[in-house]
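Here is how the chains run, residue by residue.
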Amino acid sequence: EPYGFLAAMTSCTAQSALNVSCKKVMSKSGVSGPTAQRAMVAVGLLITVAYGMIQAMSTSSSSGETVASSSTTTTADPPLGLTMAAVLAYHLEYILSFTFVKLVAPITYSACDAVRRLSIIVSGHYMFGGPPFTALNILGIGLALSGALAYSILNH
C-alpha cells in the first residue's frame, strides 16, 4: 500500500503542476484550447494505431504456435457501443476542460481537477467494486475534499 500511495501522490503532484503551467504555456504559445485538444487527439490516435499494428503483428506471428496452458484466460472485448460512449465521454471531458481552463485561475483549475479525479476514483469504486477502502484511502479522500473546500472558502 505505501507504493500505491506514493504513486498516487506523484501522479497528483505531476497533474497539478501540469494544470498550473497549462494556462501560462497556452497563452505564451498562442495555442487555443480547441487546437491543443485536437493535437492531443491526433497524438492519441497515432499511439493507438501504432499499438494496434504491433498487436496485430504479434498475433499473426504467433498464430502458428500452440501453447498448452490451462492458466491462460482471455477476456472478451467490451461492446462497441460502450467503447464509443467511453470515447465520446472522454472527448467531451477534454473539450470542457480546455474551455474551463481559459475562464479560471490556474490554481482554481488545479483544485477542480483534483476533485474531478477524486470523484472518478470514488464513483469507479462504487460502480465496479473492489476491496474496501482502507483507513489510508479514507484519510486521503478526506484530505483532498478538505483541501478543496478550504481553498473554495478562502478564495472567496
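Visitor: Honestly, the layout of surface pockets in this entry has me stumped. Any pointers?
Guide: The rolling of a water-molecule-sized probe over the atoms marks out the regions of remaining empty space. In this structure, the largest pocket encloses a volume near 890 Å³. Lining the largest pocket are 30 residues, with Ala8, Met9, Leu118, Gly140 and Ala144 positioned closest to its centre. Listing elements by their share of the lining of the largest pocket, those giving two or more residues are α1 (2-29), α4 (106-128) and α5 (135-155). The leading source of residues in the lining of the largest pocket is α1, at 10 residues. Tallied by class, the residues present in the lining of the largest pocket amount to 16 nonpolar, 11 polar and three charged.

Visitor: Mind showing me how you'd approach the pattern of salt bridges here?
Guide: Pairing between side chains of opposite charge can happen when their charged atoms approach one another. Scanning all chains against the criterion turns up two salt bridges. Salt-bridge contacts for Glu93 lead to Arg116; the nearest nitrogen and oxygen are separated by 2.4 Å. Here the residue Glu93 occupies a position in helix α3 (residues 80-103), and Arg116 occupies one in helix α4, the gap between them amounting to 23 residues. The partner of Asp113 in a salt bridge is Arg116, with the nearest N and O atoms 2.8 Å apart. Placement of the pair is Asp113 and Arg116 together in helix α4, with a separation of three residues, close to one helical turn. Here Asp113 falls in the buried class, since its relative accessible area comes to 7%. Through salt bridges with shared partners, a single ionic network connects Glu93, Asp113 and Arg116.

About the thresholds
Residues numbered from 1 in each chain as written. Predicted model: local features only at pLDDT ≥ 70, side-chain atom pairs only at ≥ 80, totals over all residues. Heavy atoms only, no water. 1 Å grid on protein atoms, 1.4 Å probe; cavity = no way out; pocket = protein on both sides within 12 Å on 5 of 7 lines; lining within 4 Å. Points joined across faces, edges and corners; volume = space filled by probe spheres on them. Helix = DSSP H or I, 4+ residues; strand = E, 2+ residues; numbered from the N terminus. Nonpolar A, V, L, I, M, F, W, Y, C, P; charged D, E, K, R; others polar. Salt bridge = Lys/Arg side-chain N within 4 Å of Asp/Glu carboxyl O. Buried < 20%, exposed > 50% of the residue type's maximum accessible area, 1.4 Å probe, protein only.

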